[in-house]
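Residue-level structural notes
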Amino acid sequence: MTATRLAIVTGGSAVRYYSHLNQAIFAAEHGFAHRLELSVARDVFSPYWYKFLAIRRTLPDYDWILWMDDDAYFTDWGGHRIEDLLERLEAEDRFLAISEGAPELDGSWTRVNSGVMLLRNDPRSTRLLDLASSAHPSAVREWWDDDRDGMFTDGDQDTIWWALSTAPELHDGFVVTDHRLLNSRAEYYESLDDATIVHFPGPGDKELRMWSFAQRFGLGKELVPGDLLRTYTGKAPRQITRTELAARRVGERSAAAQKRVRRKIDWVRTTGRWR
Ligand SMILES: [Mn+2]
């Protein structure tokens, strides 16, 4: 046993959003540690690989860590779903909880989503990290079956799913949870306690999606209730204005239009035809 049972860990090579405040305040409210791991490393061939480095750096210091991407935010502040899940994992001698990939609006799906993971300080976690961080996504693509494994994302998520699926020593050690327990999406929410964590994966204007969600529930850019934010930072929520959101909507529409034009040009180039 280590001094602190669980740390919430996030990071990368830069701070992009205010999610670290959301995560740090949740950690403080529930008696967990919080680690924001900002760093660089040699031979990081994809931005996804910072996740492996941050997990390796922090895991030895705690019994468990909850890895959270910087585009994931707690929404259920009073709930004890994380504590309950920890108890269950320990009772069942598991080393990992990872969420199913919530079915996306465009119909795409993945077997797991690596944006949020509850990992134990355990040799099986080290084994998973060794396997998943040393496999190259292009090699895993050879093994991948779209019908069986879902959408290939060309990142850590795919090498993690490959390692979990193919290493017999890991088979009984992990659980794949309902997305509402660990890693849900904005469109599944009617009220903030409908799920534990909201995650904004994928391309496009993430801030537009995050801030639209925040505005829907009367929150600022930190996605933290105002009283909690004032208690822990002495500051009021960073407000999102209608003009700011409207400008981003226009920007996203023109980006989508440019993409269509580029696709058309590529198509004309390869086919020599206009239609
Ligand atoms: Mn993410």
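Before going further, it helps to spend a moment on the overall build of the chain. When its secondary structure is counted, the chain shows 11 helices and eight strands. Reported as C-alpha extents along the three principal axes, the dimensions of the chain are approximately 65 × 50 × 35 Å. A burial count over the chain gives 48% of its 275 residues as buried. Counted over contacts in the chain with a minimum sequence separation of 6, partners at least 24 positions apart contribute 70%. Accessible area for the chain stands at about 13800 Å²; split by element, carbon and sulfur atoms hold 51% of it. In the chain, 37 side chains carry a positive charge and 42 a negative one; their mean positions are 9 Å apart.

Take the domain arrangement of the chain next. Structurally, the chain comprises domain 1 (4-206 + 220-239) and domain 2 (241-275). Computed from C-alpha coordinates alone, the two centres of domain 1 and domain 2 are separated by 31 Å. Every contact between the two is made by four residues of domain 1 and, on the other side, four residues of domain 2. Here domain 1 meets domain 2 over a buried area of about 320 Å², counting both sides, of which 27% is carbon and sulfur. When residues of domain 1 are sorted by the area they lose upon contact with domain 2, Asp205, Lys221 and Gln239 head the list and together hold 92% of the total. Viewed at the interface, domain 2 and domain 1 are joined by two salt bridges. Residue Glu244 is joined to Lys221 by a salt bridge in which the shortest nitrogen-to-oxygen separation is 2.9 Å. On inspection of domain 1 and its partner domain 2, the count reaches three residue pairs in polar contact (both at pLDDT 80 or more).

Positive phi, close to 65°, is recorded for Asp154, a residue that is not glycine. Within the secondary structure, Asp154 sits in the loop between α6 (146-149) and α7 (156-166). Residue classification places Asp154 among the partly exposed residues on the basis of a relative accessible area of 47%.

Another point: the side chain of Ser99. Looking at where Ser99 falls in the secondary structure, it is placed in strand β5 (residues 96-99). The buried category is assigned to Ser99, whose relative accessible area is 0%. If we skip the residues at most four places from it in the chain, Ser99 touches Arg111, Val112, Asn113, Val116, Val176, Thr177, Asp178, His179, Leu182 and Asn183.

Let us now look at the environment of Ala186. By secondary structure assignment, the location of Ala186 is in the loop between α8 (179-182) and β8 (197-199). In this structure the C-alpha to C-alpha distance between Ala186 and Phe200, which are 14 residues apart in sequence, comes to 7.6 Å. In this view, Ala186 contacts Val198, Phe200, Phe213 and Arg216; residues no more than four positions away in its chain are not counted.

Moving on, we get to the side chain of Asp69. Relative to the helices and strands, Asp69 resides in the loop between β3 (62-68) and β4 (72-74). Since its relative accessible area comes to 14%, Asp69 is described here as buried. Only 3.5 Å separates the side chain of Asp69 from the side chain of His199, close enough to count as a polar contact.

All of the buried residues in helix α3 (residues 81-91) are Ile82, Glu83, Leu85, Leu86 and Leu89. Projection of α3 onto a plane perpendicular to its axis shows the buried side chains occupying an angular sector of 160°, all on one side. Residues Asp84 and Ala91 are exposed on α3 and point more than 90 degrees away from its buried face. Just beyond α3, the residue with positive phi is Asp93, at close to 55°.

With that out of the way, let us pick up the packing of aromatic side chains. Scanning the model with the defined rule gives nine aromatic pairs in all. Centroid distance Phe26 to Trp77: 5.9 Å. Interplanar angle 55°. Geometry classified as tilted. Of this pair, Phe26 sits in helix α1 (residues 19-30) while Trp77 sits in the loop between β4 and α3, and the two are 51 residues apart along the sequence. When sorted by exposure, Phe26 lands in the same class as Trp77, which is buried. Considering the side-chain rings of Phe200 and Phe213, the 5.9 Å spacing of their centres and the 75° angle between planes classify their relative orientation as edge-to-face. Here Phe213 lies in helix α9 (residues 206-216) and Phe200 lies in the loop between β8 and α9, a separation of 13 residues in the sequence. Since its relative accessible area comes to 2%, Phe213 is described here as buried. Connected via pairs of aromatic rings, a cluster forms that spans Tyr73, Tyr189, Phe200, Phe213 and Phe217. One Lys or Arg, Arg148, reaches over the ring of Trp143 and ends 4.4 Å from the middle of that ring. Between Lys221 and the ring centre of Trp211, over which it is positioned, the NZ or CZ distance is 4.2 Å.

Each value, and the rule that gives it
- Residues numbered from 1 in each chain as written.
- Predicted model: local features only at pLDDT ≥ 70, side-chain atom pairs only at ≥ 80, totals over all residues.
- Heavy atoms only, no water.
- Helix = DSSP H or I, 4+ residues; strand = E, 2+ residues; numbered from the N terminus.
- Buried < 20%, exposed > 50% of the residue type's maximum accessible area, 1.4 Å probe, protein only.
- Contact = heavy atoms within 4.5 Å.
- Areas by Shrake-Rupley, 256 points an atom, 1.4 Å probe, with all protein chains shown as cover.
- Lys, Arg positive; Asp, Glu negative; His and termini not counted.
- Charge placed at Lys NZ, Arg CZ, Asp CG, Glu CD.
- Domains from an automatic or database assignment.
- Buried area = accessible area lost by both parts, 1.4 Å probe.
- Salt bridge = Lys/Arg side-chain N within 4 Å of Asp/Glu carboxyl O.
- Polar contact = N/O pair within 3.5 Å; in protein donor to acceptor, adjacent residues only side chain to side chain.
- Arc of directions from axis to C-beta.
- Phe/Tyr/Trp six-rings, centres within 6.5 Å; stacked < 30°, edge-to-face > 60°.
- Lys NZ or Arg CZ within 6 Å of the ring centre and 35° of its normal.

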